[in-house]
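Here's the letter readout for the chains.
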Amino acid sequence: MDLILMQLFNGLSVSSILLLAALGLAITFGLMGIINMAHGEFIMIGAYTAYVVQNVWKSVFPESSSDIYFLLEMIAAFFVTAIVGLILERLIIRHLYGRALDSLLVTWGISLVLQQAVRSIFGPANVSVSAPAFLDKNIQVTGMFAMSGKRLFILALAVVCCTLIALMMYKTKQGRNIRAAMQNRDMAASLGVNTAKCDMITFAVGSGFAGIAGCAITFLGPIGPTIGQSYIVDAFMTVVVGGVGKIIGCITGATIIGVGGPTFEFFTSASLGKVMIFIVVIIILQFKPKGIFSMHSRALDD
Amino acid sequence: MKNLRSLSLVALTAAVLTMSACGSGADTSSSPAAAGEQTSASEPAETGDTVKVGILHSQSGTMAMAEKPMIEAVQMAIDEINASGGVLGKQISYVSEDGASDAAIFAEKATKLLTKDNVATIFGCWTSASRKAVLPVVEGNNGLLWYPVQYEGLESSHNIMYTAPCPNQQAIPALDYIMENIKPKSGGTVKIFLFGSDYVYPRTTNTIIKAMQPDYGFEIVGEEYIPLGYTDCSTVITKIQQSGADIIVNTINGDSNVSFFKQYRDAGLKPEDIQVMSFSAYEEDIRGMGPEYSDGTLFAWNYFQSIDTPESKEFTDKFQTLYGSDKVTGDPVVNAYEGVYLWKKAVEAANSFDVEEVIKVCESGSVEAETPEGVVSIASGDTHHCLQKVFIGVADKDGQIQSVWETQDRVEPDPWLKSYTWAESAGLGS
């Protein structure tokens, strides 16, 4: 029983990390048809922002034992990556709308540039970010099964981020415009929606959420110039399986891959587990080529 | 909007592309700028007043973090030697190539160094995968590689000098330590869990450890491997908790060490419950994750930065003055550094840069050099390994490793495990 609970918790925890990593991708991919290979590097930028904020905080308030800096990290990570995203969108990405293959190559190039930039600024070595003390506590459920504070926090963070995005998409005027542009760009434009502005905001917000994901993964993994690479594949898989442009799809995709991966891994090995989850993804895409939750559109070119 | 279906396909293809890149630990950012060819002389080796050598380490990809300090150590040794008059009156110039954490690129760059740059010797490689890829290249082109990282043994190439330990100078003494010092929680024998990266070094080392089992009497309760660069160890950690292990023998390489140590703590594990013995993580890895995660766990090496001798302190001081006061050294860094000095001594003894001459001198057993770990000498005979003292240390709160156990003398290398009956009966080394 312990074992099932532990594995379930591991799976949900992996899912929540995947979800955070994939949320931004889901909206940019869905809205603009941009295959953003640099999304992983936005995650990395978020992680490095956390590192910088922490060091600045420690040098300005060396005596402070408060964990408040950690909220600052999250906020800074969101805004820094959002701004980087915004700049990239204005300079490069907006010229690539409707050219999926080109966007793939260009953003792949951007990802290399960003990696090398970080390597030049911070060096190739990993850096360390310490998690706030209150997250070090674990909740002991049964003899062997302890829920780690950090993993619970990431789980909660994923829920909060999903809620925020859902609120933005379904409750605000901006969100309505974004959805309109998503479903039929020309129609939305002729009804007075400023689609260029929609693109800009969506890309910035999507990048910002990658920054938050980066901040969260500093608790569990290494922080180096290449960490984005470790997450980008799974993030894409999540989006494609779940269905492009739907938050519910993203959640489903993350759960399938997040819970499935560790489960297969438990019964086989890490390498084989990865192979098996890919097989599952291939089977799903055979029957649901647009992902589990696909968006219905009346656009002629769809 | 474009057709979603084709978009999804493109995205997946892209994902798989990245995957294959990640799988081999490659990082395609090895752009010309990163590969950074730094050569101060463009003539073939040993013409005029200079002799050219090659440095071949990963400057990008998952191993860059571990290999960067080794490049710095080699450069430092070269600068020191040049400042004190060079080798046989010649100044050393170097060509530094980026192996990009990818064995195939290592082989390609080694070929380039030997055939195009015509270097006198190469200092480089970390992973056994990269060494195995470079091996046929140096043998085929009659080059000489100085390999500075502990590895799985069962190899002694004519064209490679191994300045780092083979299993009988690291893994086997570490198992001796475990048998003496780890108290089984549940009585009976010590229960060991083998956990490593999925490639040749961890798998071979664990094969050797499994071969020791009948003789030593410990119990192996699990064996797991994760791909290089893997970031989620939670499932393996669950298996470890489930197995009732007393100690984890950790042969993870690179970034995944950070994930492992963070998630080990995160699962509420402590060294008092389940100890960790790491073979392939050193002070630099600890610095990159934060010392609070490795505090109290065990490491097996032939040198720690904390070792309190004048030579060791002097080396650390010089290294930190050159590259920053927050830098750390460690066994691989020192092995990389002393490789240059051993080569210098061998060249001087041979009075020639010729590879065959240098190897002949090395095999005579007369080559020794003053190094941060004391006097290091190449063993006589054709093993091409060094004599090494073995230390077991505990990581402290400052990210240093403090020695708690050491072998009395320097241990003779035995890469083929010829002196162990258990190895013979397991069919190893023959």
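Keep in mind that what you see is a predicted model, and the values were worked out from it rather than measured.

Can you help me understand the overall build of chain B in this one?
In terms of helices and strands, chain B carries 15 helices and 14 strands. Taking all 430 residues of chain B together, 62% fall into the buried category. Summarising the internal contacts of chain B: among those between residues at least 6 apart in sequence, 71% fall at separations of at least 24.

I would appreciate a short explanation of the overall build of chain A in the present structure.
Assigned secondary structure in chain A consists of eleven helices and two strands. Sequence-ordered secondary structure for chain A, helices as α and strands as β, is α-α-α-α-β-β-α-α-α-α-α-α-α. What you see for chain A is a C-alpha radius of gyration of 19 Å, in line with the 19 Å of a compact globule of 302 residues. Along the first, second and third principal axes, the C-alpha set of chain A runs to 60 × 50 × 35 Å.

How should helix H3 (residues 69–91) of chain A be read in this particular structure?
In an α-helix, one turn spans 3.6 residues, which is why side chains three or four residues apart end up on the same side. Residues and elements named next belong to chain A. Look at H3: 32 Å from first C-alpha to last across 23 residues, which is about the 33 Å you get at 1.5 Å a residue. Among all positions of H3, only Phe70, Glu73, Ala77, Phe78, Val80, Thr81, Ala82, Val84, Gly85, Leu88 and Glu89 are buried. Where the residues of H3 are buried, they touch helix H2 (39–60), helix H4 (100–122) and helix H8 (195–217).

In this structure, what is going on with the domain arrangement of chain B? I would like to understand it.
The extent of an interface is frequently quoted as the accessible surface area lost upon association of the parts. All names here are of chain B. As assigned here, chain B comprises domain 1 (32–165 + 315–377) and domain 2 (168–308 + 390–425). The C-alpha centroid of domain 2 is placed 27 Å from the C-alpha centroid of domain 1. Listed as interface residues are 26 residues of domain 1 and, on the opposing side, 28 residues of domain 2. Those elements giving two or more residues to the side of domain 1 that touches domain 2 turn out to be helix H3 (64–83), helix H5 (128–140) and helix H13 (331–350). Of the residues contributing to the side of domain 1 that touches domain 2, the split by class is twelve nonpolar, nine polar and five charged.

Can you walk me through the sheet that holds strand E2 (residues 91–98) of chain B in this structure?
Sheet strands associate in pairs through backbone hydrogen bonding, adopting either a parallel or an antiparallel arrangement. Residue and element names in this part refer to chain B. The parallel open sheet is built from five strands, whose spatial order is E2-E1-E3-E4-E5. Of all strands in the sheet, those bounded by a partner on one side alone are E2 and strand E5 (160–162). Neighbouring strand axes in the sheet, compared pairwise and without regard to direction, differ in orientation by 25° on average. Judged from the three bridges that link them, strand E1 (residues 50–57) and strand E3 (residues 122–124) form a sheet pairing that is parallel. Within E3, the position partnered with Gly54 by the bridge is Ile122. Against the sheet, helix H4 (residues 103–116) makes contact with E1, E2 and E3, and its axis sits at roughly 175° relative to E1, the strand it touches most.

How should I be thinking about the pairing of strand E14 (residues 401–406) of chain B in this particular structure?
All names here are of chain B. In this sheet, E14 lies alongside strand E13 (residues 391–395) in antiparallel orientation, the contact comprising five bridges. Looking across to E14, one finds that Gly393 is bridged to Ser403. Here E13 hands over to E14 after five residues, with Gly399 in that stretch at a positive phi of 85°.

Can you help me understand the sheet that holds strand E10 (residues 298–301) of chain B in this one?
Residues and elements named next belong to chain B. Pairing in this open sheet of seven strands is mixed, and the strands run E7-E6-E8-E9-E10-E13-E14 from one edge to the other. Edge strands, defined here as strands with exactly one partner in the open sheet, are strand E7 (219–226) and E14. Averaged over all neighbouring strand pairs, the angle between strand axes comes to 25°, with direction disregarded. Inspection of the sheet shows strand E6 (residues 191–197) paired to strand E8 (residues 247–251) by five bridges, in the parallel sense. Each bridged residue has a counterpart across the sheet, and for Phe193 the counterpart in E8 is Ile248.

When you look at unusual backbone geometry in this model, what are you seeing that I'm missing?
Glycine aside, residues mostly have negative phi, and peptide bonds are mostly found in the trans state. All names here are of chain B. One non-glycine residue, Cys125, lies in the positive phi region at around 80°. Inspection of the secondary structure assignment puts Cys125 in the loop between E3 and H5. Located in the positive-phi region is Leu154, a residue other than glycine, with phi close to 55°. Counting through the fold element by element, Leu154 comes out in the loop between strand E4 (145–147) and E5.

Got a minute to help me understand the packing of helix H1 (residues 2–32) of chain A against helix H9 (residues 227–242) of chain A in this structure?
The description of two helices packed together rests on the angle between their axes and the distance between the axes. Residues and elements named next belong to chain A. With their axes 8 Å apart at the nearest point, H1 and H9 run at an angle of 60° to one another. Relative to H9, H1 is oriented oblique. As H1 runs across H9, the sense of the crossing is right-handed. Along its contact with H1, which presents Leu18, Ala21, Ala22, Leu25, Ala26 and Phe29, the element H9 presents Tyr231, Asp234, Ala235, Phe236, Thr238 and Val239. Per-class residue counts for the contact of H1 with H9 are ten nonpolar, one polar and one charged.

Can you walk me through the environment of Ser377(B) in this structure?
Residues and elements named next belong to chain B. When you line up the elements, Ser377 lands in strand E12 (residues 374–377). Expressed as a C-alpha distance, the spacing of Ser377 and Thr163, which sit 214 residues apart in the sequence, is 9.2 Å. Not counting chain neighbours up to four residues away, the residues in contact with Ser377 comprise Val367, Glu368, Cys386 and Leu387.

Looking at this structure, how should I read the confidence of the model for chain B?
Residues shown with low pLDDT carry predicted positions that ought not to be read at fine detail. Residue and element names in this part refer to chain B. Per-chain confidence: chain B averages 87 in pLDDT, with 89% of residues scoring 70 or above. Predicted confidence is poor over residues 19–43, with pLDDT under 50, and the contacts of this stretch with residues over four places away or in other chains come to 54 contacts. We note a pTM of 0.87 for the whole complex and an ipTM of 0.88 for its interfaces.

Mind showing me how you'd approach the packing of helix H5 (residues 149–171) of chain A against helix H6 (residues 173–183) of chain A here?
Residues and elements named next belong to chain A. Between H5 and H6, the least distance of the axes is 5 Å, while the angle of their chain directions is 80°. Judged by the angle between their axes, H5 and H6 are roughly perpendicular. On the side of H5, the interface is formed by Met168, Met169, Tyr170 and Lys171, while H6 contributes Gln174, Gly175, Ile178 and Arg179.

Just checking my understanding: could you explain H8(A) for this structure?
With 23 residues, H8(A) extends 33 Å from end C-alpha to end C-alpha; this agrees with the ideal 33 Å at 1.5 Å per step. Of all the 23 residues making up H8(A), 19 are buried; the element is thus mostly covered by neighbouring parts of the structure.

Got a minute to help me understand the environment of Gly253(A) in this structure?
Residue and element names in this part refer to chain A. For Gly253, the location among the structural elements is in helix H10 (residues 247–267). C-beta crowding within 10 Å serves as the criterion here: with 31 such atoms nearby, Gly253 is assigned to the buried category. In sequence terms Gly253 and Phe236 are 17 residues apart; their C-alpha atoms lie 9.9 Å from each other. Setting aside residues no more than four positions away along its own chain, Gly253 makes contact with Thr238, Val239, Val241 and Gly242.

Is there a simple way to explain the environment of Ile154(A) in this structure?
Residue and element names in this part refer to chain A. Relative to the helices and strands, Ile154 is located in helix H5. The buried category is assigned to Ile154, around which 25 C-beta atoms lie within 10 Å. Residues Ile154 and Leu20, spaced 134 residues apart in sequence, show a C-alpha to C-alpha distance of 8.7 Å. Beyond its immediate sequence surroundings of up to four residues, Ile154 is in contact with Ser13, Ser16, Ile17, Ala216 and Phe219.

What counts and how
Residues numbered from 1 in each chain as written. Chains lettered and ligands numbered in written order. Predicted model: local features only at pLDDT ≥ 70, side-chain atom pairs only at ≥ 80, totals over all residues. Helix = DSSP H or I, 4+ residues; strand = E, 2+ residues; numbered from the N terminus. Buried ≥ 20, exposed ≤ 12 C-beta atoms within 10 Å, placed from the backbone. Contact = placed C-beta atoms within 7 Å. Rg over C-alpha atoms; globule rule 2.2 N^0.38 Å. Expected span 1.5 Å × (residues − 1). Domains from an automatic or database assignment. Nonpolar A, V, L, I, M, F, W, Y, C, P; charged D, E, K, R; others polar. Pairing = 2+ DSSP bridges. Axes fitted to C-alpha atoms, helices over the stretch in contact; angles between N-to-C directions. Parallel < 35°, antiparallel > 145°, perpendicular 65-115°, else oblique. Left-handed = near helix turned anticlockwise from the far one by under 90°. pLDDT = per-residue confidence, 0-100.

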